[in-house]
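Listed below are the residues making up each chain.
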Amino acid sequence: MKRLILWLTLLTLCAVLTAAPALAYWDYQMRLALMDDELPVIYGTLNQRMATRTGPSTEYPEPGTFLSKGEEVRIISISFDVNSVPWVQVDLPYGGQYIRAYTGLKRFDGVDSDDIPREFYYNIEAKLNQDYKPLYGPGLMYASYDYTLKAGSSVVIVDFENGYTMCEFLSGDDQRNRVWIADDALDTVG
């Protein structure tokens, strides 16, 4: 019996290690289920205009400054930069569509960082299997960027949502970028 249990444990461990990307997606789906049932949807009221970045630090490009003091914004997640500064991912309307962007938590009064879901970072290498015009969020309701990433481009998978993958890459000028790409346009490396 002990041999059978040991054998099953080793077999399970091998399955887990070889299916890491699939398990990462499953883990994310479990987090979504928990978020729907247990975690509140967070809104914050701006205490100033909202300057944004495409990722959680000043190392990312600025999509712009949006909305005015007093407006309410949906907060999706929180992440901390290398200096432990809290950045929140927000969802906002943009030209008849939406964008996801990051802004400093300091732009919201009365929002407790402990109440905001922590952002996940899978850190899985992937390549695009086709040319792709990335999006500002996980779905076709989000605006697209004004450039196309070429097939074979390398990215790092940050997170998954709604059939889309949040990816990070370095542009030609070594600037960090975060974009959303449809899951079927990516192949994991390794």
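These lines cover the structure that appears in this document, whether it is placed above or below. (Residues numbered from 1 in each chain as written. Predicted model: local features only at pLDDT ≥ 70, side-chain atom pairs only at ≥ 80, totals over all residues. Heavy atoms only, no water.)

Before going further, it helps to spend a moment on the side chain of Asp91. By the secondary structure assignment, Asp91 is in strand S5 (residues 86–94). At 3.3 Å, the side chain of Asp91 and the side chain of Arg100 are in polar contact. Among residues more than four places away in sequence, those in contact with Asp91 are Val73, Arg74, Ile76, Ile99, Arg100 and Tyr142. (Helix = DSSP H or I, 4+ residues; strand = E, 2+ residues; numbered from the N terminus. Polar contact = N/O pair within 3.5 Å; in protein donor to acceptor, adjacent residues only side chain to side chain. Contact = heavy atoms within 4.5 Å.)

Here Ser57 is to be found in the loop between strand S2 (50–51) and strand S3 (65–66). Among the polar contacts made by the side chain of Ser57, one reaches the main-chain amide nitrogen of Glu59 at a distance of 3.0 Å. Ser57 has contacts with Asp81 and Trp87, leaving out every residue within four places of it along the chain.

The nonpolar side chains of a soluble globular protein tend to be buried with one another. Judged by nonpolar contacts, the single largest core of 43 residues is most densely connected at Met50, Phe108 and Ile181. Within the residue set of this core, elements represented by two or more residues are strand S4 (72–80), S5, strand S6 (97–104), strand S7 (124–128), strand S8 (154–161), strand S9 (164–170) and strand S10 (176–182). For Met50, the contacting residues outside a window of four places in its chain are Gly64, Thr65, Phe66, Leu67, Val73, Val90, Leu92, Thr103, Arg107 and Phe108. (Core = buried A, V, L, I, M, F, W, Y, C linked by side-chain atoms within 4.5 Å. Buried < 20%, exposed > 50% of the residue type's maximum accessible area, 1.4 Å probe, protein only.)

Using the criterion set out here, one finds eight salt bridges in the structure. Note that Asp114 and Arg118 form a salt bridge whose closest N and O atoms lie 3.5 Å from each other. According to the relative accessible area criterion, Asp114 is exposed, its value standing at 61%. Taken together, the shared-partner salt bridges connect Glu59, Glu119, Glu168, Arg176 and Arg178 into one network. (Salt bridge = Lys/Arg side-chain N within 4 Å of Asp/Glu carboxyl O.)

Ordered in space as S1-S4-S5-S6, the four strands form an open sheet in which the pairing is antiparallel. Unpaired on one side and paired on the other, strand S1 (42–45) and S6 mark the two borders of the sheet. On average, each strand axis in the sheet is inclined to that of its neighbour by 45°, with strand direction left out of account. (Pairing = 2+ DSSP bridges. Axes fitted to C-alpha atoms, helices over the stretch in contact; angles between N-to-C directions.)

It is worth spelling out the pairing of S6 at this point. Working note: regular strand, side chains alternate between the two faces of the sheet. Of all eight residues that make up S6, six are buried, and the element is covered over most of its length. Of the pairings in the sheet, the one linking S5 to S6 comprises eight bridges and is antiparallel in character. Within S6, the position partnered with Leu92 by the bridge is Ile99.

As enumerated under the stated definition, the model contains seven aromatic pairs in all. Pairing Phe66 with Tyr94 gives two aromatic rings, centres 5.8 Å apart and planes at 90°, and the pair type is edge-to-face. One end of the pair, Phe66, is in strand S3; the other, Tyr94, is in strand S5, and 28 residues separate them in sequence. Aromatic ring contacts, followed pair by pair, group Tyr136, Tyr145, Tyr147 and Phe169 into a single cluster. (Phe/Tyr/Trp six-rings, centres within 6.5 Å; stacked < 30°, edge-to-face > 60°.)

Here we have five strands laid out as an open sheet, ordered S10-S9-S8-S7-S11, and antiparallel in their pairing. Because the sheet does not close on itself, it has two edges, and the strands there are S10 and strand S11 (186–188). Put simply, the sheet's adjacent strands are angled 45° from each other on average, direction ignored. In this sheet, S9 lies alongside S8 in antiparallel orientation, the contact comprising five bridges. Note that in S9 the partner of Ile157 across the bridge is Cys167.

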